[in-house]
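Each chain, written out:
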Number of protein chains: 2
Amino acid sequence: MGNGLLKMQKRTFIISSGSVVGQKEKHGPLGEFFDLSGDDRFGKDTWEKSEAEMQRLALGIALRKAELMEDIDVLFAGDLINQCISSSYGLLEYKFPFLGLFGACSTCAEGLLMSAVYASTVSTRCAAVTSSHFCSAERQFRYPLEYGGQRPPTSQWTVTGSGAFVVSSDVGDVQLNKSKYVPEIVEVMPGRMIDRGISDANNMGAAMAPSAVDTLERYFSLGHAPDEFDLIITGDLGREGSGILIDLLSARGIDISKNHVDCGNMVFEPTSSDTHAGGSGCGCSAVVMSADILENLRRGKVSDILFLGTGALMNPMSVSQGQTIPGIAHLLHIRGAEVDSI
Amino acid sequence: MGNGLLKMQKRTFIISSGSVVGQKEKHGPLGEFFDLSGDDRFGKDTWEKSEAEMQRLALGIALRKAELMEDIDVLFAGDLINQCISSSYGLLEYKFPFLGLFGACSTCAEGLLMSAVYASTVSTRCAAVTSSHFCSAERQFRYPLEYGGQRPPTSQWTVTGSGAFVVSSDVGDVQLNKSKYVPEIVEVMPGRMIDRGISDANNMGAAMAPSAVDTLERYFSLGHAPDEFDLIITGDLGREGSGILIDLLSARGIDISKNHVDCGNMVFEPTSSDTHAGGSGCGCSAVVMSADILENLRRGKVSDILFLGTGALMNPMSVSQGQTIPGIAHLLHIRGAEVDSI
């Protein structure tokens, strides 16, 4: 086995992205930055169709921003709903060659990783889409919404949102960029499944943190140090999992306490009702990356980041059958490349 | 958008594969060719754990045949069970970098396609695994097993089986091959989601056939003809879907009636009880490809094939919400390369 790091064969850029969120996210700290928000139904008669509609809208926004409506070589997508139907129904009308992913809440990172690998080798332009919806997730993974189940402090609130990203190795696409910098995916590292015996489905942060530890430890062992990066971003560890991640790495002599942020901690106010340990879901990191982190890279506010998508690879049946919960964390090293120098 | 065809950047080979099946498959026409069969429980106390165990066993067999136990750069896997838990629990112990897929019954082709793209570019050795289990699928998608629901003639029987494949661009790996030929993945074409309005969840063949038509039509439009290939293999269209595929292509002036075969038609005797229109599931094409088709390539019995994994991108809730069923079909062009000439 190699060291697990995959380097892009051509320079590869995130040339546009789109974010669509629901009401609770709109009223959160990043509310003004999302491209589109709606009531949580998005004009549909079931929550599953609403979630699919968010994917359709998010990809449409990203394609329009990239001034590309038909030129996607491969589309990657996945979500949390059984058999990933939000992706298939949401993206059906686009008619792009499609490769479905399942990475639970790590799907945003997995889709960007896939897009970067393909766009830098066998393809030129790829897109990645993912989503989650509080209402479709809650009734599938936990209780009927009408039941109003109480949740412990370590539990997280599934983000209602979808993020879409267009990734290209065509320098011509980059020149259309209207900002001084463009996010460039430099290298990626797929995660490994790590199971540290967490069986509490209300504490996903604890289940996922060890996989982020594993990926970061492997990455830093290749000669990198945490202080090279303006931000080390995790997807949805939440407050519980973020603390565990910092502590576990600290015990291994790696200090990320100064530059670590978690999308789950950013998307809602800590005081927002019932969000407890923070946001979660495939949509969580997707909308925060699209609306906030990548935007800050484009503006030069940050210039070098690590993004780890974190996922918990379980389902309600595996938990009820007594299985513990493995996590996974895929890493991307993204930097802001000066457009004029490309 | 390009023509959708992805060409390998280095010569890339399927250097080994493993197949594990249950009792009904063992007693089918290909029974003697599978690497391992067991009672359908595989020593586990739930059907979901049994399915995961088949994945663990299948990958172990493929790795042993390749004389590689630790040198996999990226592992791709997915399955039909909600949130793909057969893959996560089944493959957890291998500790390889892992990228999860969801392609429904097309997952074998999607995993091989991914492995070929990665192994020919950013990685060297990849593996792809998938599975299905009649009992876990039946109770998740249809009725409790104890109910013994009757099924119409167009319905198919989910194959209990798992297939694993090791794909490498390292010529040294090929030299270990003990046969005269080795399957080489020449080029691949990801499918597009196609929905022709089929809403009958007991007729997956009809739902999936139009996507196979779309992919084959796109492929042949690049200057290929059906008679270049010894076999044009679909994953699990079954007898109903195979007939539809041949008819729809015939109406477009493309005749595949002479060399088309379907893994779903090969895995069970037509008279096998309750299998109706044939086998289905992620495991169907995986075990037939591993035990039969690839073996015939290795022996020189066939030398040039097209393999299309076919999948139906739905879940029981989408059907109950009145959604029709999109299909997808990923294509691989595989040929038998003479080992001495590599």
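Right above here is the structure, for reference.
Described in the following lines is the structure provided in the data block. (Residues numbered from 1 in each chain as written. Chains lettered and ligands numbered in written order. Predicted model: local features only at pLDDT ≥ 70, side-chain atom pairs only at ≥ 80, totals over all residues. Heavy atoms only, no water.)

## Remarks on helix H7 (residues 204-220) of chain A
Thought 1: A rise of 1.5 Å per residue sets the reference length of H7(A), with its 17 residues, at 24 Å; its end C-alpha atoms lie 24 Å apart and thus fit the reference within 8%.
Thought 2: Counting buried residues in H7(A) gives 16 out of 17 residues, a clear majority hidden from the surface. (Helix = DSSP H or I, 4+ residues; strand = E, 2+ residues; numbered from the N terminus. Expected span 1.5 Å × (residues − 1). Buried < 20%, exposed > 50% of the residue type's maximum accessible area, 1.4 Å probe, protein only.)

## A few points about the pattern of salt bridges
Residues and elements named next belong to chain A.
Thought 1: Tallying each qualifying case throughout the model produces 37 salt bridges over all chains.
Thought 2: Between Asp 170 and Arg 125 there is a salt bridge; the shortest N-O distance is 3.4 Å. Taken as a pair, Asp 170 in the loop between strand E7 (161-168) and helix H6 (171-175) and Arg 125 in strand E5 (residues 125-132) lie far apart in primary sequence, 45 residues in all.
Thought 3: In this structure Arg 125 comes out as buried when scored by relative accessible area, which is 15%.
Thought 4: Where Arg 299 meets Glu 295, a salt bridge forms, and the shortest distance between an N and an O atom there is 3.7 Å.
Thought 5: A relative accessible area of 23% places Glu 295 in the partly exposed class. (Salt bridge = Lys/Arg side-chain N within 4 Å of Asp/Glu carboxyl O.)

## Notes on the pairing of strand E3 (residues 74-79) of chain B
All names here are of chain B.
Thought 1: Burial analysis of E3 places six of its six residues in the buried class, which makes it a mostly covered element.
Thought 2: Of the two faces of E3, the one lined by Val 74, Phe 76 and Gly 78 and the one lined by Leu 75, Ala 77 and Asp 79 are each fully buried.
Thought 3: Where E3 lies against strand E4 (residues 98-100), three bridges are found, and the strand directions are parallel. Along E4, the bridge assignment pairs Phe 76 with Leu 99.
Thought 4: Taken together, E3, helix H3 (residues 85-91) and E4 form a β-α-β motif whose crossover is right-handed. (Pairing = 2+ DSSP bridges. Right-handed = clockwise from strand over helix to strand, strands pointing away.)

## Here's the deal with the packing of helix H2 (residues 47-65) of chain A against helix H5 (residues 134-141) of chain A
Residues and elements named next belong to chain A.
Thought 1: Packing of H2 against H5 brings their axes to within 8 Å, and their N-to-C directions diverge by 135°. Accordingly, the angle class assigned to the pair H2 and H5 is oblique. Between H2 and H5 lies a crossing of left-handed hand. Residues Trp 47, Glu 48 and Glu 51 of H2 touch H5, and the partners they reach there are Cys 135, Ser 136 and Arg 139.
Thought 2: For the contact of H2 with H5, the residue count by class is two nonpolar, one polar and three charged. (Axes fitted to C-alpha atoms, helices over the stretch in contact; angles between N-to-C directions. Parallel < 35°, antiparallel > 145°, perpendicular 65-115°, else oblique. Left-handed = near helix turned anticlockwise from the far one by under 90°. Contact = heavy atoms within 4.5 Å. Nonpolar A, V, L, I, M, F, W, Y, C, P; charged D, E, K, R; others polar.)

## Points about the interface of chain B and chain A
Interfaces are often sized by the accessible area lost when the parts come together.
Thought 1: Counting from both sides, the interface comprises 64 residues of chain B and, opposite them, 64 residues of chain A.
Thought 2: For the pair chain B and chain A, the summed buried surface comes to about 5,200 Å²; carbon and sulfur atoms form 62% of the total.
Thought 3: Connecting chain B to chain A are zero salt bridges.
Thought 4: Taken together, the links from chain B to chain A amount to 26 residue pairs in polar contact (both at pLDDT 80 or more).
Thought 5: Looking at the side of chain B that touches chain A residue by residue, the classes come out as 34 nonpolar, 18 polar and twelve charged. (Buried area = accessible area lost by both parts, 1.4 Å probe. Polar contact = N/O pair within 3.5 Å; in protein donor to acceptor, adjacent residues only side chain to side chain.)

## Concerning the environment of Ile342(A)
Residues and elements named next belong to chain A.
Thought 1: Examined against the element boundaries, Ile 342 turns out to sit in the segment after strand E13 (327-338).
Thought 2: Judged by its relative accessible area of 23%, Ile 342 is partly exposed.
Thought 3: Taking the C-alpha atoms as reference points, Ile 342 and Gly 172, separated by 170 residues in sequence, lie 9.7 Å from one another.
Thought 4: Apart from residues no more than four positions distant in its own chain, Ile 342 is found in contact with Arg 11, Phe 13, Val 171, Val 174, Gln 175, Val 182 and Ala 337.

## Let's talk about the environment of Phe42(B)
All names here are of chain B.
Thought 1: Position of Phe 42 relative to the elements: it lies in the loop between strand E2 (36-37) and helix H2 (47-65).
Thought 2: A sequence separation of 20 residues divides Phe 42 from Gly 22, and the C-alpha atoms of the two residues are 8.6 Å apart.
Thought 3: Those residues within four positions of Phe 42 in sequence are excluded, and the remaining contacts are Val 20, Val 21, Gly 22, Ser 37, Ser 50, Glu 53, Met 54 and Leu 57.

## Examining the side chain of Ser211(B)
All names here are of chain B.
Thought 1: Position of Ser 211 among the secondary structure elements: in helix H7 (residues 204-220).
Thought 2: According to the relative accessible area criterion, Ser 211 is buried, its value standing at 0%.
Thought 3: Residues in contact with Ser 211, not counting those within four places in the same chain, are Arg 192, Ile 194, Gly 327, Ile 328 and Ala 329.

## Section: the nonpolar core
Thought 1: Within the largest apolar cluster, 100 residues are counted, with the highest numbers of intra-cluster contacts made by Met114(A), Tyr118(A), Met114(B) and Tyr118(B).
Thought 2: Non-local contacts of Met114(A), meaning those with residues more than four positions away in its chain, are made with Phe76(A), Leu101(A), Phe76(B), Leu99(B), Leu101(B), Met114(B) and Tyr118(B).
Thought 3: Residues Leu313(A), Leu68(B), Phe96(B) and Ala137(B) belong to the second largest nonpolar core, which totals 78 residues. (Core = buried A, V, L, I, M, F, W, Y, C linked by side-chain atoms within 4.5 Å.)

## Thoughts on the packing of aromatic side chains
Thought 1: One pass over the full model with this rule turns up 13 aromatic pairs over all chains.
Thought 2: A centroid spacing of 5.9 Å and a plane angle of 15° characterise the contact between Tyr94(A) and Phe96(A), whose relative ring orientation is stacked.
Thought 3: Judged by centre distance (6.2 Å) and plane angle (50°), the ring pair of Tyr219(B) and Phe229(B) falls under tilted. Taken together, the residues span a long stretch of sequence, with Tyr219(B) in helix H7 and Phe229(B) in the loop between H7 and strand E9 (231-234) at a distance of ten residues. Accessibility assignment for this pair places Tyr219(B) and Phe229(B) in one class, buried.
Thought 4: In textbook terms, an aromatic cluster arises when at least three aromatic residues are bridged by ring pairs, as seen for Phe76(A), Tyr118(A), Phe76(B) and Tyr118(B).
Thought 5: Across the ring face of Trp157(B), the terminal group of Lys24(B) is positioned such that the distance to the ring centre comes to 4.3 Å.
Thought 6: Note that Arg41(B) overlies the ring of Trp47(B), its terminal NZ or CZ placed 4.3 Å from the centroid. (Phe/Tyr/Trp six-rings, centres within 6.5 Å; stacked < 30°, edge-to-face > 60°. Lys NZ or Arg CZ within 6 Å of the ring centre and 35° of its normal.)

## Quick look at empty space enclosed by the protein
Thought 1: Counted by the stated rule, this structure contains four cavities of 30 Å³ or more.
Thought 2: The wall of the largest cavity is formed by Ala77(A), Gln83(A), Cys84(A), Ser87(A), Ser88(A), Phe98(A), Gly100(A), Leu101(A), Phe102(B) and Leu313(B).
Thought 3: Taken together, the elements giving at least two residues each to the lining of the largest cavity come down to helix H3 (85-91) and strand E4 (98-100) of chain A.
Thought 4: Broken down by class, the residue content of the lining of the largest cavity amounts to six nonpolar, four polar and no charged. (1 Å grid on protein atoms, 1.4 Å probe; cavity = no way out; pocket = protein on both sides within 12 Å on 5 of 7 lines; lining within 4 Å. Points joined across faces, edges and corners; volume = space filled by probe spheres on them.)

## Regarding H5(A)
Thought 1: Of all eight residues in H5(A), seven are buried; the element is thus mostly enclosed.
Thought 2: Every buried residue of H5(A) is accounted for by Phe134(A), Cys135(A), Ser136(A), Ala137(A), Glu138(A), Gln140(A) and Phe141(A).

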